[in-house]
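One-letter residues, chain by chain:
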Amino acid sequence: MFSMHRLYAHYKKIRFKSVKAVSLCNFQTGPDCDLLRTQQQTNQVVKGHKKAKSACQPVLVHFDQQYSQEIGDLWTSAKAVLLDPCTWQHGVMLNRFSILTDVEHILQTKGFSKVLPQTDASTLFCKSPSAVPCTQQRGGKASVIPLDCTLTSLPDESHLYQYSTADALRGHSQSEPSTCQHRPSLQCYIHPYPLRFPSQAHRPGQLKQYYLLNAASLLPVLALQVGDGERVLDLCSAPGGKAVAIMQTATPAFLCCNEPDPHRREWLAKTLESFLPHSVKTSVMVSAEDGRTFGQRQTGNYDKVLVDAPCSNDRSWLYSSSDQQGEQRLKERARLPLVQAQLLRSALSAVRPGGAVVYSTCTLSSPENHAVVDMVLNDCPEAEAEDLWEEIVIPFSKYFCFVPAPPDDFQSDHRPSPQTQHGTVSSYHRRLGILVVPQRGRTWGPMFLCRIRKRK
């Protein structure tokens, strides 16, 4: 029998698998480089790339049946996006701890823009924002080498950012950027077209300048509202993107990144090493606890807890390697809500009275989203879901397609009526969470999130 422990480990392994998107353009410098002048140019696939994999038919049929019922007509347009990886957009989250030489300028010249228009993310999302305190460098010069990259015209975009000879010679002579010069500021750049910025390879002892991600995955971090000096738990942390994002928004007193699977924990450790300097690593710990029982051992120890739960990742599942694998995943899917509910209950045990838990998934599936939240709230009278409409939906509706979504004639000076294609949505249902549905031109998601406050 497939044990619950194995089920949990299995879904943690496949949680973040995704189809490699087709790159639509090489980043090259020079006077002749004029990228993305029109959407037509952008949609021309570069010759020589491998053809995208076909969707797994059993999974597609199952999704058709379920999602057409759950999100109605939105599923038709969402399916068109999920079945066409060449249209997927990509976000670029900057690392405030590294030296961002020319990166922002390059992004802007290529047509990228900030998804967070404010300078300081904590100013908008944290109740008591404060400047990051100046921390003393430990032991003189740090062993972390900030990246100082030089743009080169190479045909292979994966090697776009290369170390110059001068940078290599400087090496350890550079000091780690002082955190007093880098206030918490979550900065993410996105492009209106499916243009993918080149990735940076992991190099031990060297900080990366940016993290590539689905921009919708930042919304749970913003909803968490981490403040300076707080104790934070990332219960299902690997591969570490949200942990890195948390450290961009604030300077917590302590961040525990939990991951029970050893292979994924190694991945998590590499991510943290790539993005966090030694001056803040002393406040970050990686643990290997079973997330479902974590809260029992550390009751009330945290101010904020993020539960980015293992789920039936829609983007990954659609491209299961075989029909057999897809069918097996679908058979096990019914057990996921139980695991997710256990994780959420554990998080509510770990958070202090008055603290907050954010629950998130990357699936459209209502049984894994609203139903899990509803189930846990019924079992935990001390927990109360909070409405994220004005905090998340209204400010970000320009970039993401939310369900429930504001009406077309929405004006920022009045509260939108909570209606969808299926009629009025109750205030309670809206507090159960919000869902980001991929659409043409706004291909972010799927991403579900809900914030739950533990009553004092």
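This write-up is about the structure you can find in this document. (Residues numbered from 1 in each chain as written. Predicted model: local features only at pLDDT ≥ 70, side-chain atom pairs only at ≥ 80, totals over all residues. Heavy atoms only, no water.)

**A closer look at the overall build of the protein**
Put simply, the rule reads: For helices the rule is a DSSP run of H or I covering at least 4 residues; for strands it is a run of E covering at least 2, with both sets numbered from the N terminus onward. The rule is simple: take the accessible area with a 1.4 Å probe, protein chains only, and divide by the maximum for that residue type; under 20% is buried, over 50% is exposed, in between is partly exposed. We call two residues in contact when some of their heavy atoms are within 4.5 Å. Residue exposure ignores everything except the shown protein chains as possible cover, and the areas themselves are Shrake-Rupley values with a 1.4 Å probe.
For the protein, the helix and strand inventory stands at 18 helices and 19 strands. Classification of the 456 residues of the protein by burial places 55% in the buried group. Of the contacts formed within the protein by residues at least 6 apart in sequence, a portion of 80% connects residues at least 24 apart. For the protein, the exposed surface amounts to about 19,500 Å²; the carbon and sulfur share of it is 51%.

**Points about the sheet that holds strand E6 (residues 188-190)**
The condition that has to hold: Here, any two strands with at least 2 DSSP bridges between them count as paired. What counts as an axis is a line fitted to C-alpha atoms, over the stretch in contact for a helix, and the angles between N-to-C directions run from 0 to 180 degrees.
An order of E2-E6-E1-E8 is seen for the four strands of this open sheet, with the pairing classed as antiparallel. This sheet does not close on itself; its edge strands, each paired only once, are strand E2 (113-114) and strand E8 (210-213). The sheet contact formed by strand E1 (residues 91-94) and E8 spans four bridges and is antiparallel. Paired with methionine 93 across the two strands is tyrosine 211, which belongs to E8. Across the sheet, helix H9 (residues 241-249) is in contact with E1 and E8; its angle to E1 comes to roughly 50°.

**Focus on the pattern of salt bridges**
For clarity, the cut-off: What counts as a salt bridge is simple: a side-chain nitrogen of Lys or Arg found within 4 Å of a carboxyl oxygen of Asp or Glu.
Taken as a whole and judged by the stated rule, the model has 16 salt bridges. Across the salt bridge formed by glutamate 386 and arginine 451, the nearest N and O atoms sit 2.6 Å from each other. Taken as a pair, glutamate 386 in strand E14 (residues 383-386) and arginine 451 in strand E19 (residues 447-454) lie far apart in primary sequence, 65 residues in all. As a salt-bridge pair, arginine 451 and glutamate 391 come within 2.8 Å of each other at their nearest N and O atoms. Residue arginine 451 is located in strand E19, and its partner glutamate 391 is located in helix H17 (residues 389-396); the two are separated by 60 residues in the primary sequence. When sorted by exposure, arginine 451 lands in the same class as glutamate 391, which is buried. Among the charged side chains, a network of salt bridges with common partners joins Glu386, Glu391, Arg451 and Arg453.

**Points about the side chain of lysine 304**
We apply this condition: Residues adjacent in sequence count toward polar contacts only when both atoms are side-chain atoms; beyond that, a polar contact is any pair of N or O atoms within 3.5 Å, and within protein one must be able to donate a hydrogen and the other to accept it.
Here lysine 304 is to be found in strand E12 (residues 302-308). Of note is the side chain of lysine 304, whose polar atom sits 3.1 Å from the side chain of glutamate 230. Not counting the four nearest positions on each side in its chain, lysine 304 is found in contact with Leu224, Gln225, Val226, Gly227, Glu230, Arg231, Val232, Leu233, Val351, Ala356 and Arg453.

**Quick notes on the packing of aromatic side chains**
For the record, the criterion: Two aromatic rings, drawn from Phe, Tyr or Trp (for Trp, its six-membered ring), form a pair once their centres lie within 6.5 Å of each other, and the interplanar angle then sorts them: stacked below 30 degrees, edge-to-face above 60, tilted otherwise. By definition, being over a ring means that NZ of Lys or CZ of Arg is both within 6 Å of the ring centre and within 35 degrees of the ring normal.
For the coordinates displayed, the defined rule picks out 12 aromatic pairs. Plain terms: the ring middles of phenylalanine 254 and tyrosine 302 are 6.4 Å apart, the flat faces sit at 25° to each other, and that makes the pair stacked. Of this pair, phenylalanine 254 sits in strand E10 (residues 254-258) while tyrosine 302 sits in strand E12, placing them 48 residues apart in sequence. Residue classification places tyrosine 302 among the buried residues on the basis of a relative accessible area of 1%. Relative to tryptophan 444, the ring of phenylalanine 400 lies with its centre 6.5 Å away and its plane at 70°, an arrangement referred to as edge-to-face. With phenylalanine 400 in the loop between H17 and strand E15 (402-403) and tryptophan 444 in the loop between strand E18 (434-436) and E19, this residue pair connects regions lying 44 residues apart in the sequence. When sorted by exposure, phenylalanine 400 lands in the same class as tryptophan 444, which is buried. Looking at arginine 231, its charged tip hangs above the ring of tyrosine 302, at a distance of 5.3 Å from the centre. Sitting over the face of the ring of tryptophan 88, arginine 315 holds its NZ or CZ atom 4.4 Å from the ring centroid.

**A few points about the pairing of E1**
Alternating residues of E1 divide into Gly91 and Met93 and Val92 and Leu94, and every residue in both groups is buried. In this sheet, E6 lies alongside E1 in antiparallel orientation, the contact comprising two bridges. In the sheet register, valine 92 faces E6, and the bridge partner there is tyrosine 189.

**Side note on unusual backbone geometry**
Of note, the bond from alanine 238 into proline 239 is cis; its omega dihedral lies within 30 degrees of zero at 5°. Of note, proline 239 is situated in the loop between strand E9 (231-234) and H9. Looking along the chain, the bond that leaves glycine 445 and enters proline 446 is cis, with omega of 0°. Tracing the backbone shows proline 446 in the loop between E18 and E19. In this model, glutamine 225 sits at a positive phi of 55°, which is unusual for a non-glycine residue. Locating glutamine 225 in the fold gives a position in the loop between helix H8 (219-224) and E9.

**Some details on H9**
In terms of burial, H9 is largely enclosed, as nine of its nine residues are buried. Along H9, the residues classified as buried are Gly241, Lys242, Ala243, Val244, Ala245, Ile246, Met247, Gln248 and Thr249.

**Section: the side chain of arginine 333**
Mapped onto the elements of the fold, arginine 333 is located in helix H14 (residues 323-333). We classify arginine 333 as buried; its relative accessible area is 6%. Polar contacts involving the side chain of arginine 333 include one to the side chain of histidine 62, which spans 3.1 Å. Within polar-contact distance, the side chain of arginine 333 engages the side chain of tyrosine 67 at 2.7 Å.

**So, the environment of leucine 276**
Among the structural elements, leucine 276 can be located in the loop between helix H10 (262-275) and helix H11 (278-281). Taking the C-alpha atoms as reference points, leucine 276 and arginine 96, 180 residues apart in sequence, are found 9.2 Å from one another. The contact partners of leucine 276, leaving out residues within four places of it in the chain, are Phe97, Leu207, Met247, Lys281 and Val284.

**Things to note about the environment of proline 262**
Looking at the secondary structure, you find proline 262 in helix H10. Distance in space between the C-alpha atoms of proline 262 and alanine 288 is 7.8 Å, their sequence separation being 26 residues.

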